[in-house]
Amino acid sequence: MRRVTCVVCQDRLRIQGTYAYRTLLDASPNRILPLGSDFPVEGIIPLGFYAAVSRFFVKGDSPHGPGGWYPFERRTRAEALKGMTLDTAYASFSEDILGSLFSVGKKADFIVLDRNVMMVPMDETLGAKVTATVIDGVSLGR
């Protein structure tokens, strides 16, 4: 292991590992990488999804240039959605009861958005609004 004595160099090396989604996902033997939030510092929907896929700030810019923040660390939309659902259930040892709606016996915890964030242009995901919330199969409304 090389020793880095320059503080600026240390910071640059450390920052490269920040939100290193692709590197971490590719290193996972089971392809599991939960996405979460440090709410209220970061939001999950739609900001976390947008950031994981686009690698841009909310304003559409990045200190790393027009390609986004370390663009090789992007996740696909499908990977980001899985990271927010199945993978978070797995991380909380709840994959038998949470994380997907396609298995009989799992709790129905989900939100409905006013647009399909899997299909709209990426910048439109930021404007997504929750139109319905369902917890344990019970609708909580908007």
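What you are looking at is a predicted structure, and each value in this text was computed from that prediction instead of being measured. (Residues numbered from 1 in each chain as written. Predicted model: local features only at pLDDT ≥ 70, side-chain atom pairs only at ≥ 80, totals over all residues. Heavy atoms only, no water.)

(A) Representation of a nonpolar patch on the surface in the model. Residues Ile 135, Val 138 and Leu 140 make up a contiguous nonpolar surface patch of roughly 280 Å² in combined accessible area. Within the secondary structure, Val 138 is located in strand 3 (residues 138–141). (Patch = residues over 30% accessible without salt bridge, like charges linked within 9 Å, V, L, I, M, F, W, Y side chains within 5 Å. Areas by Shrake-Rupley, 256 points an atom, 1.4 Å probe, with all protein chains shown as cover. Salt bridge = Lys/Arg side-chain N within 4 Å of Asp/Glu carboxyl O. Helix = DSSP H or I, 4+ residues; strand = E, 2+ residues; numbered from the N terminus.)

(B) Main features of the packing of aromatic side chains. Applying the stated criterion across every chain yields a total of two aromatic pairs. Here Trp 69 and Tyr 70 contribute two aromatic rings whose centre-to-centre distance is 5.1 Å and whose plane-to-plane angle is 90°, an arrangement assigned as edge-to-face. On the basis of relative accessibility, which here comes to 10%, the residue Tyr 70 falls in the buried class. Aromatic rings pair up to connect Trp 69, Tyr 70 and Phe 72 into one cluster. Taking NZ or CZ as reference, Arg 75 lies 5.9 Å from the ring centre of Tyr 21, over its face. (Phe/Tyr/Trp six-rings, centres within 6.5 Å; stacked < 30°, edge-to-face > 60°. Buried < 20%, exposed > 50% of the residue type's maximum accessible area, 1.4 Å probe, protein only. Lys NZ or Arg CZ within 6 Å of the ring centre and 35° of its normal.)

(C) Quick look at the pattern of salt bridges. This structure, assessed with the given rule, holds seven salt bridges. Close ionic contact of Arg 22 with Glu 79 constitutes a salt bridge, the shortest N to O distance being 2.3 Å. Placement of Arg 22 in helix 2 (residues 21–27) and of Glu 79 in helix 4 (residues 77–84) is noted, with a sequence separation of 57 residues between them. By relative accessible area, Arg 22 is classed as buried at 18%. As a salt-bridge pair, Glu 79 and Arg 31 come within 3.4 Å of each other at their nearest N and O atoms. A residue pair is termed long-range when its members are at least 10 positions apart, and Glu 79 in helix 4 and Arg 31 in the loop between helix 2 and helix 3 (44–54) qualify at 48 residues. Three or more residues joined by partner-sharing salt bridges are found here, namely Arg 22, Asp 26, Arg 31 and Glu 79.

(D) Local environment of unusual backbone geometry. Phi at Arg 31 is positive, roughly 55°, even though this residue is not glycine. Take Arg 31: its relative accessible area is 36%, and that puts it in the partly exposed class.

(E) Up close: the nonpolar core. Core analysis: the biggest nonpolar cluster contains 15 residues, and Leu 35, Phe 49 and Ala 80 have the highest contact counts within it. Listed by contribution, the elements that provide at least two residues to this core are helix 2, helix 3 and helix 4. In contact with Ala 80, not counting residues within four places along its chain, are Leu 35, Phe 49, Ala 52, Val 53 and Arg 75. (Core = buried A, V, L, I, M, F, W, Y, C linked by side-chain atoms within 4.5 Å. Contact = heavy atoms within 4.5 Å.)

(F) Up close: the side chain of Glu 73. One can find Glu 73 in the loop between helix 3 and helix 4. Salt bridges are absent for the buried Glu 73, whose nearest opposite-charge side chain, Arg 55, sits at 5.8 Å. Of note is the side chain of Glu 73, whose polar atom sits 3.4 Å from the backbone nitrogen of Tyr 21. Those residues in contact with Glu 73, other than ones at most four positions away along the chain, are Tyr 19, Ala 20, Tyr 21, Arg 22, Thr 23 and Arg 55. (Lys, Arg positive; Asp, Glu negative; His and termini not counted. Polar contact = N/O pair within 3.5 Å; in protein donor to acceptor, adjacent residues only side chain to side chain.)

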